[in-house]
Amino acid sequence: MDANELLKKVRRIEIKTRGLSQNIFAGEYHTAFKGRGMMFAEVREYQYGDDIRDIDWNVTARHNHPYVKVYEEERELTVMLLIDVSRSRLFGAIGDDKREIIAEVAATIAFSAIQNNDKIGVIFFSDKVEKFIPPKKGKKHILFIISQLLDFQPESPGTDISQVLRYFTDALKKRTTTFLISDFIDNHDYYKALSLASNKHDVIGIQIYDKRDAQLPNVGLIRVSDLETGQMRWINTSSSNVRKTYNKWWYDRQQKMTEIMNRCHVNFTSISTDEDYVKSLMSLFKNRGAR
């Protein structure tokens with residue numbers, strides 16, 4: 001992708017996702033992702049109904065009248081995006097390719113984060129950690145992340161979610177709000193790594209998939225290639241048994257993934273490339289906010 005084309009894409013995504021974060025997601029994001037705790041704000045005179053445990057006895061003694069400590073939510077968070085940059089993200093048969101949707105979803109979350117004065121950082125991964133962008137604030141930082149998302153070339157083609165989760169758990173000492181964004185086409189067992197990560201951090205899973213990942217069309221004999229392994233094979237899509245077997249493979253994979261997310265207490269949503277990701281993100285945020 002040349003520089004002019006990249007700048008145009010970054011600008012288009014910025015305009016779309018920044019507007020979404022300001023006009024739609026700001027309130028839902030704030031409600032769904034709480035701050036680290038409560039911090040002292042001020043003291044004021046005691047009012048009927050105040051908790052006596054909040055009385056500031058030193059100030060009360062000085063003024064000979066009860067005063068209470070007032071606390072407010074410590075809003076600032078560190079938000080991390082763990083983003084799958086394996087070759088399977090380049091697949092796109094229905095709607096945009098997965099890379100475009102991943103970029104838009106990540107940008108929407110990032111702009112929502114900076115609206116709330118949160119830091120945002122990124123780890124790109126394939127079957128290894130490809131790049132770590134430390135958490136920072138600001139629009140310039142977000143635009144850099146978007147440009148990297150669109151133009152990043154990984155060293156490795158495969159996917160291993162457990163690798164990035166182990167690296168992330170070791171590297172980030174303080175609790176973060178973390179979005180794991182992937183198509184989750186991964187033949188490795190990542191349950192243990194996800195369980196450890198979710199015990200230390202607030203982890204949210206977002207699956208971006210193409211409907212052709214899930215279901216083969218009836219178009220006769222076709223030659224297909226595995227983007228991650230380079231393996232080629234001929235498939236007779238006219239066979240109903242072939243289509244059913246493929247669909248069952250996808251269904252079983254989805255069931256296993258859902259089971260892992262539930263066991264690790266990870267909020268999760270799946271987004272198809274031909275669907276409106278706004279609805280899925282809103283539903284995810286609302287469900288978390290209602291907890």
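Predicted model, so just to flag it, every value in this text is computed and none were measured.

**Regarding the overall build of the chain**
Then, in step 1: The helix and strand inventory of the chain stands at nine helices and 10 strands.
Then, in step 2: Scored against the burial criterion, the 291 residues of the chain give a buried share of 47%.
Then, in step 3: Sequence-distant contacts in the chain: of pairs separated by 6 or more residues, those separated by 24 or more amount to 76%.
Then, in step 4: A total of about 15,300 Å² of accessible surface is found on the chain, and carbon and sulfur atoms cover 48% of it.

**Looking at helix 5 (residues 161-171)**
Think of an α-helix as 3.6 residues a turn; residues three or four steps apart then line up on the same face.
Then, in step 1: Looking at helix 5, one finds that the buried residues are Ile161, Ser162, Val164, Leu165, Phe168 and Thr169. The buried residues of helix 5 occupy an angular sector of 165 degrees when projected down its axis, which confines them to one face.

**A word on helix 8 (residues 240-263)**
Then, in step 1: Given a rise of 1.5 Å per residue, 24 residues ought to cover 34 Å, and the 34 Å separating the end C-alpha atoms of helix 8 matches this to within 8%.
Then, in step 2: Elements in contact with the buried residues of helix 8: helix 6 (191-200), strand 7 (202-209), helix 7 (211-214) and strand 10 (267-272).
Then, in step 3: Where helix 8 terminates, the next one or two residues include histidine 265, which has phi positive at roughly 60 degrees.

**Examining the side chain of threonine 269**
Then, in step 1: Take threonine 269: it is sitting in strand 10.
Then, in step 2: With sequence-adjacent residues up to four places away left out, threonine 269 is seen in contact with Gly205, Ile206, Gln207, Ser280 and Leu284.

**Observations concerning the pattern of salt bridges**
Then, in step 1: Per the stated rule, a full pass over the model turns up nine salt bridges.
Then, in step 2: Across the salt bridge formed by glutamate 259 and arginine 263, the nearest N and O atoms sit 3.9 Å from each other. With a gap of four residues between them, glutamate 259 and arginine 263 both fall in helix 8, about one helical turn apart.
Then, in step 3: Owing to a relative accessible area of 44%, glutamate 259 belongs among the partly exposed residues under this scheme.
Then, in step 4: Taking relative accessible area as the criterion, arginine 263 reaches 44% and is therefore assigned partly exposed.
Then, in step 5: Here the salt bridges share partners, and the residues they tie into one network are Lys98, Asp183 and Asp213.

**Details of the pairing of strand 3 (residues 78-84)**
Then, in step 1: Along strand 3, seven of the seven residues are buried, which leaves the element largely enclosed by surrounding structure.
Then, in step 2: With burial as the criterion, each face of strand 3 is covered, one bearing Thr78, Met80, Leu82 and Asp84 and the other bearing Val79, Leu81 and Ile83.
Then, in step 3: As paired elements, strand 3 and strand 4 (residues 119-125) share seven bridges and run parallel to each other. What sits directly across from leucine 81, in strand 4, is valine 122.
Then, in step 4: Inspection of the sheet shows strand 3 paired to strand 6 (residues 177-182) by five bridges, in the parallel sense. Residue isoleucine 83 lies in a different strand from strand 6, and its bridge partner there is isoleucine 181.

**Comments concerning the nonpolar core**
Then, in step 1: Residues Ile83, Val105, Phe179, Ile181 and Ile206 are the most contacted members of the largest nonpolar core, which totals 40 residues.
Then, in step 2: Of all the secondary-structure elements, those providing two or more residues to this core are helix 1 (3-32), strand 3, helix 3 (98-115), strand 4, helix 4 (139-151), strand 6, strand 7 and helix 9 (277-289).
Then, in step 3: Broken down by element, the residue count for this core peaks at 10 residues, all from helix 3.
Then, in step 4: Setting aside residues no more than four positions away along its own chain, valine 105 makes contact with Ile181, Ile206, Ile208, Ile271, Tyr277 and Leu281.
Then, in step 5: Counting 21 residues, the second largest nonpolar core, distinct from the first, contains Met80, Phe168, Tyr190 and Cys264.

**Quick word on the sheet that holds strand 7**
Then, in step 1: The sheet built from six strands is open, its strands ordered 5-4-3-6-7-10 with mixed pairing. With partners counted over all chains shown, the strands left at the sheet margins are strand 5 (129-136) and strand 10, one partner each. In this sheet, adjacent strand axes meet at a mean angle of 15 degrees when their direction is disregarded.
Then, in step 2: By the bridge criterion, five bridges tie strand 4 to strand 5 in an arrangement that is antiparallel. Residue pairing for strand 5: isoleucine 120 is matched across the bridge by lysine 136.

**Focus: the confidence of the model for the chain**
Then, in step 1: When pLDDT is averaged along the chain, the result is 83; 86% of the residues meet or exceed 70.
Then, in step 2: By mean pLDDT, the top-scoring element of the chain is helix 6 (96), and the lowest-scoring one is strand 1 (residues 37-45) (65).

**What to know about the environment of asparagine 218**
Then, in step 1: Residue placement: asparagine 218 occurs in the loop between helix 7 and strand 8 (221-225).
Then, in step 2: Each C-alpha atom, one on asparagine 218 and one on asparagine 236, is 8.6 Å from the other, the two residues being 18 residues apart in sequence.
Then, in step 3: Those residues in contact with asparagine 218, other than ones at most four positions away along the chain, are Thr237, Ser238 and Arg243.

Rules and cut-offs
Counting restarts for each chain: residues are numbered from 1 in the order of the written sequence. Given that the model is predicted, a residue must reach a pLDDT of at least 70 before its local features are reported, and side-chain atom pairs must reach 80 or more before they are shown or counted; all residues, however, enter totals for whole chains, interfaces and linings. Each side-chain value is derived from all of the structure's non-hydrogen atoms; neither hydrogens nor water enter the calculation. Secondary structure elements are defined from DSSP: runs of H or I of at least 4 residues count as helices, runs of E of at least 2 residues count as strands, and each element is numbered from the N terminus. Each residue is placed in one exposure class: buried if its accessible area under a 1.4 Å probe, protein chains only, is under 20% of its type's maximum, exposed if it is over 50%, and partly exposed if it falls in between. Contacts are residue-level and defined by heavy atoms, with any inter-residue pair within 4.5 Å sufficient. Values of accessible area rely on a 1.4 Å probe in the Shrake-Rupley scheme; residue burial ignores everything except the protein chains shown. Each C-beta atom gives one direction from the helix axis, and the arc is the one those directions make. Here the expected span of a helix is defined as 1.5 Å times the quantity of residues minus one. Counted as salt bridges are all cases of a side-chain nitrogen of Lys or Arg within 4 Å of a carboxyl oxygen of Asp or Glu. Strands pair, by our definition, only if DSSP identifies at least two bridges between them. The criterion is simple. A nonpolar core is a set of buried Ala, Val, Leu, Ile, Met, Phe, Trp, Tyr and Cys residues joined through side-chain atoms within 4.5 Å. The angle between two axes is taken between their N-to-C directions and runs from 0 to 180 degrees, where each axis is a line fitted to C-alpha atoms and a helix contributes only its stretch in contact. Confidence of the predictor at the level of single residues is given by pLDDT, which spans 0 to 100.

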